[in-house]
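Structure assessment
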Amino acid sequence: MERAEGGAAGRLTDDVSIGLLATVFPEEAVQAAVDEAGAREERTRSLPSKLMMYLAMALWLEPGKGYVRTLRGLLEGLRWSRGGWDGYRVPSDGAISLARYRLGEAPLRNLFDEVAAPVADERTPDAFWRGLRLMAVDGTVVDLPSGRPNEAAFDVPAGGSRPQARLVVLAECGTLALVGAAFDSIAVGERTLFERLLDRLTPGMLLLADRGFPSYDLYTAAALTGAELLWRVSASFTLPVKKRLPDGTYLSELRGTRRSERVTVRVIEYSVADDDGVSEVFCLITTLLDPDAASALELARNYAERWSVEVLFKLVKVDLRTSGGVLRSGKPEGVRQELWALLCVYQALRTLITKAAVIAGVDPARISFPPVLDAVKSSVRTAFSP
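Model, not experiment: these values are computed from the prediction.

Considering the overall build of the protein
Summing up its helical and strand segments, the protein has 14 helices and 10 strands in all. By residue count, 53% of the 386 residues in the protein fall in the buried class.

With respect to the packing of aromatic side chains
For the structure on display, the rule yields nine aromatic pairs. The interplanar angle of 80° and the centroid separation of 5.8 Å between the aromatic rings of Phe194 and Phe213 together place this pair among those described as edge-to-face. A residue pair is termed long-range when its members are at least 10 positions apart, and Phe194 in helix α9 (residues 190-195) and Phe213 in the loop between β5 (205-209) and α10 (216-223) qualify at 19 residues. In terms of burial, Phe194 and Phe213 fall into one category: buried. Where Phe282 meets Tyr303, the ring centres are 6.3 Å apart and the plane angle is 65°; that geometry is what we call edge-to-face. Taken together, the residues span a long stretch of sequence, with Phe282 in strand β10 (residues 279-286) and Tyr303 in helix α11 (residues 296-303) at a distance of 21 residues. Note on accessibility: Phe282 and Tyr303 belong to one class, buried. Through a chain of ring-to-ring contacts, the aromatic side chains of Phe194, Phe213, Tyr219 and Trp231 assemble into a single cluster.

Brief notes about the nonpolar core
Counting residues in each nonpolar core, the largest one holds 76 residues, and the members touching the most others are Phe25, Met57, Leu108 and Leu312. It is helix α13 (residues 332-360) that provides the largest number of residues to this core, a total of 11 residues. Residue contacts for Leu108: discarding those within four places in its chain leaves Met53, Ala56, Met57, Leu103, Gln337, Trp340, Ala341 and Cys344. Among the nonpolar cores identified, the runner-up in size contains 30 residues, and Leu193, Phe194, Leu229 and Val265 belong to it.

What to know about the confidence of the model for the protein
The share of residues in the protein with pLDDT of 70 or more is 80%, and the mean pLDDT across the chain is 83. Below a pLDDT of 50 lies the segment residues 379-386, which in the model reaches 29 contacts outside its immediate sequence neighbourhood of four places, other chains included.

A short note on unusual backbone geometry
Even without being a glycine, Asp126 presents a positive backbone phi close to 60°. Classification of Asp126 as partly exposed rests on a relative accessible area of 48%.

Topic: the pairing of strand β4 (residues 178-185)
When you tally the buried positions in β4, you get seven out of eight residues, the bulk of the element. As judged from the seven bridges shared by strand β3 (residues 164-172) and β4, these two strands associate in the antiparallel manner. Its bridge partner being in β4, Leu170 is matched across the sheet by Gly180. Where β3 folds back on β4, the antiparallel hairpin that results is connected by five residues, among which Leu176 adopts a positive phi of roughly 65°.

Observations regarding the packing of helix α3 (residues 27-36) against helix α4 (residues 49-58)
With their axes 9 Å apart at the nearest point, α3 and α4 run at an angle of 110° to one another. Taken as axis vectors, α3 and α4 run roughly perpendicular relative to one another. Between α3 and α4, the residues in contact are Glu27, Val30, Gln31, Ala33 and Val34 and Ser49, Lys50, Met53 and Tyr54, respectively. Here the residues of the contact of α3 with α4 are counted per class, giving five nonpolar, two polar and two charged.

A closer look at the pattern of salt bridges
Counting across every chain of the model gives 15 salt bridges. For Lys50, the salt bridge identified is with Glu27, shortest N-O distance 2.4 Å. Placement of Lys50 in helix α4 and of Glu27 in helix α3 is noted, with a sequence separation of 23 residues between them. Where Glu253 meets Arg255, a salt bridge forms, and the shortest distance between an N and an O atom there is 3.6 Å.

A few points about the side chain of Thr249
In this fold, Thr249 is placed in the loop between β7 (243-244) and β8 (250-255). We classify Thr249 as buried; its relative accessible area is 2%. Within polar-contact distance, the side chain of Thr249 engages the side chain of Asp247 at 2.6 Å. Side chain to side chain, Thr249 and Arg266 meet in a polar contact 3.1 Å long. Apart from the residues within four sequence positions on either side, Thr249 is in contact with Lys243, Arg244, Arg266, Val267, Ile268 and Ala296.

Here we look at the pairing of β5
Of all five residues in β5, five are buried; the element is thus mostly enclosed. The alternating pattern of β5 places Met205, Leu207 and Ala209 and Leu206 and Leu208 on opposite faces, both of which are buried. Note that strand β2 (residues 132-143) and β5 share five bridges and pair parallel. If you follow Ala136 over to β5, its bridge partner there is Leu208. The sheet contact formed by β5 and strand β6 (residues 228-232) spans four bridges and is parallel. Its bridge partner being in β6, Leu207 is matched across the sheet by Leu229.

Thresholds applied
- Residues numbered from 1 in each chain as written.
- Predicted model: local features only at pLDDT ≥ 70, side-chain atom pairs only at ≥ 80, totals over all residues.
- Heavy atoms only, no water.
- Helix = DSSP H or I, 4+ residues; strand = E, 2+ residues; numbered from the N terminus.
- Buried < 20%, exposed > 50% of the residue type's maximum accessible area, 1.4 Å probe, protein only.
- Phe/Tyr/Trp six-rings, centres within 6.5 Å; stacked < 30°, edge-to-face > 60°.
- Core = buried A, V, L, I, M, F, W, Y, C linked by side-chain atoms within 4.5 Å.
- Contact = heavy atoms within 4.5 Å.
- pLDDT = per-residue confidence, 0-100.
- Pairing = 2+ DSSP bridges.
- Axes fitted to C-alpha atoms, helices over the stretch in contact; angles between N-to-C directions.
- Parallel < 35°, antiparallel > 145°, perpendicular 65-115°, else oblique.
- Nonpolar A, V, L, I, M, F, W, Y, C, P; charged D, E, K, R; others polar.
- Salt bridge = Lys/Arg side-chain N within 4 Å of Asp/Glu carboxyl O.
- Polar contact = N/O pair within 3.5 Å; in protein donor to acceptor, adjacent residues only side chain to side chain.

Here's what the structure looks like:
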């Protein structure tokens, strides 16, 4: 990825040392997520839910380490634990594993939903176009540990050897911060998962989507949120010319299964040649019908921002993953908890990067993710100090 600016990298290291996760996820927010899920303990336990929340996230910052070693390092940095953890004996790996499953996935999901939001402002490069916040939706798959429980819940794809989860995210192009995420078995399609994220769309957004997403139902549902849309469509779509526009684009109709299901779209067609001269034809549909307000060239350039989400998936699937390449949990509830914790940690790092970029006056995309992650891992004990 792009090289980091020296001054920004220095600020990142300083910010990390004062506590990454507890800055983004203060104790009050963590406890609120636990309470919302109804996971607060009825009696005092040696591994309370609040502690397990931080541990679930810390496991992503300590790849390759077991529960006991990670928890010991975590406790040394928990200032909020003073007075309550003196003489505390860290339980066994087995006890910690049981506590993880007792916590469940809901508190981590609640915590992610609380922090999943745009973070760019008018100072952030390439985050806005004509007052619209550039957003992208895209999907990927994640390998999971083998075993009957996971294979029953998540399915093994044809020709595959491991069960997989499908992940769809709604992300801010200028910062790669997440605004929403949904995942399920590989058997669940991207469109179905995106439907779960529609409530994250708002007026003032321009949503970019690849050709795997468009359908009449999904396009019209997304448009009803008030967000503007710029989606690529495949060659299988029939888009009759209804009106030619001066800039070479044209108005057409996206049609549903019923004759009455029709919505007007503007069609932009263009080709892009690679270094070898091979051209690929793109066909975009948009809710922006006026060529004077949104030229074809500007929209084509905006659509190119969608590929920034591919960088996001590399960060989530490679840079934040353990060396083994798969998650730890052999049970579906543990997998879901791990994935929500992973998304929480990613969002915490993205928030930190964006704040540092604003201070340094640089593009957030120019701050390389892996060095920031390395700095966090090297100071994981203090990273939990409020």
